[in-house]
Amino acid sequence: MERVTYPEPAVAGTINNSYVALQINTKEADAKPIVERYRQVWTPDLRMLDADGFEYYRWNGYLPPFEFLPQLLVAEAHARLRQKKVQAAAEVYNDVVERFPTSRVAPEAAYYAAVANYRTSKDSADLMKGWEKLRNRYPASDWRLKQSMVEDVE
Amino acid sequence: MIQQIVWENDFEQAQTRAAAEDKLILIDFYDPT
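Here's what I pulled together on the structure shown here. What you see is a predicted model, and the numbers here were worked out from it, not measured in a lab.

## Brief notes about the overall build of chain A
- Counting secondary structure elements, chain A contains seven helices and three strands.
- Counted from the first residue to the last, chain A has its helices and strands arranged as α-β-α-β-β-α-α-α-α-α.
- Taking the principal axes of the C-alpha coordinates as reference, chain A spans close to 55 × 30 × 25 Å.
- In chain A, which comprises 154 residues, the share counted as buried stands at 34%.
- Within chain A, residue pairs in contact and separated by at least 24 positions form 41% of the contacts whose partners lie at least 6 positions apart.

Below, the structure is given as structure tokens:
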């Protein structure tokens with residue numbers, strides 16, 4: 001992460017713009033309270049919290065820069081969606097789908113882009129349209145399966 | 001100028017900044033060994 005992912009300017013810029021970034025060396029004695037608070041067991045371990053310390057998203061494991069970046073954006077969008085900032089969430093999900101369409105998290109972003117667009121417009125056609133786009137772009141993805149109940153009634 | 005990540009190393013300081021700047025907190029738990 002230190003050698004490859006974090007030095008990438010697009011990664012650093014996104015982190016600085018959207019997050020207050022905190023590094024915790026899990027081997028230091030001082031880290032024990034926060035390691036125990038967040039039940040931390042394996043590194044790399046990334047957590048996205050609000051200012052109160054409430055955890056919205058997490059993942060384990062190394063990601064190269066142009067997988068890390070869309071993952072980071074999806075994490076931000078999930079946090080905004082759960083904070084009921086649906087329009088802000090929709091913008092970030094849509095950004096991931098447009099800028100990182102071949103990334104590992106793009107199908108997840110497409111699934112939730114439809115959800116956030118629907119929650120913004122209150123028009124169920126936006127949900128159906130977004131999920132149709134998901135099926136067309138990512139027909140073999142897990143996220144296609146998660147909307148497949150609507151395919152049975154179409 | 002190439003942008004570098006501004007890392008905090010104190011959780012309470014990070015919480016104070018996140019509240020003031022309306023940002024989320026990103027924690028990177030790492031093992032230097």
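## Focus: the overall build of chain B
- Each helix and strand counted, chain B has one helix and two strands in total.
- The helix and strand sequence of chain B, counted from the amino end, reads β-α-β.
- Here the C-alpha coordinates of chain B stretch approximately 35 × 30 × 10 Å along the principal axes.
- Burial status across chain B gives 27% buried among its 33 residues.

## Points about the interface of chain A and chain B
- On the chain B side, the residues contacting the 30 residues of chain A number 26 residues.
- At the level of elements, helix H1 (9–18), strand S1 (19–25), strand S2 (45–49) and helix H3 (65–82) of chain A are the ones that each hand at least two residues to the side of chain A that touches chain B.
- Looking at the side of chain A that touches chain B element by element, the count peaks at seven residues for S1 of chain A.
- Residues that form the side of chain A that touches chain B fall into these classes: 16 nonpolar, nine polar and five charged.
- As paired elements, S1 of chain A and strand S1 (residues 7–8) of chain B share two bridges and run parallel to each other.

## Some remarks on the packing of H3 of chain A against helix H4 (residues 86–99) of chain A
Residue and element names in this part refer to chain A.
- Interaxial distance between H3 and H4 falls to 8 Å at its minimum, and their mutual angle equals 160°. One element, H3, and the other, H4, form an angle in the roughly antiparallel class. Regarding H3 and H4, the two cross each other, and that crossing is left-handed. Residues Pro70, Leu73, Val74, Glu76, Ala77, Arg80 and Leu81 of H3 touch H4, and the partners they reach there are Val86, Ala88, Ala89, Val92, Tyr93, Asp95 and Val96.
- Among the residues forming the contact of H3 with H4, the class breakdown is 11 nonpolar, no polar and three charged.

## Quick notes on H3 of chain A
- Between its first and last C-alpha, H3 of chain A extends 26 Å over 18 residues, near the 26 Å set by a 1.5 Å rise per residue.
- In the stretch just after H3 of chain A, Lys84 of chain A is the one whose phi turns positive, near 65°.

## A short note on the pairing of S2 of chain A
- Buried residues dominate S2 of chain A, accounting for five of its five residues.
- Neither face of S2 of chain A is open: one carries Asp45, Arg47 and Leu49 of chain A, the other Leu46 and Met48 of chain A, and all of them are buried.
- Here five bridges tie S2 of chain A to strand S2 (residues 24–30) of chain B, and the two strands are oriented antiparallel to one another. Paired with Leu49 of chain A across the bridge in S2 of chain B is Ile25 of chain B.
- With five bridges connecting them, S2 of chain A and strand S3 (residues 55–60) of chain A associate as antiparallel partners. Considered in S3 of chain A, the bridge of Leu49 of chain A is made with Glu55 of chain A.
- Hairpin connection, S2 of chain A to S3 of chain A: the antiparallel pair is bridged by five residues, and Gly53 of chain A has positive phi, about 90°.

Procedures and definitions
- Residues numbered from 1 in each chain as written.
- Chains lettered and ligands numbered in written order.
- Predicted model: local features only at pLDDT ≥ 70, side-chain atom pairs only at ≥ 80, totals over all residues.
- Helix = DSSP H or I, 4+ residues; strand = E, 2+ residues; numbered from the N terminus.
- Buried ≥ 20, exposed ≤ 12 C-beta atoms within 10 Å, placed from the backbone.
- Contact = placed C-beta atoms within 7 Å.
- Nonpolar A, V, L, I, M, F, W, Y, C, P; charged D, E, K, R; others polar.
- Pairing = 2+ DSSP bridges.
- Axes fitted to C-alpha atoms, helices over the stretch in contact; angles between N-to-C directions.
- Parallel < 35°, antiparallel > 145°, perpendicular 65-115°, else oblique.
- Left-handed = near helix turned anticlockwise from the far one by under 90°.
- Expected span 1.5 Å × (residues − 1).

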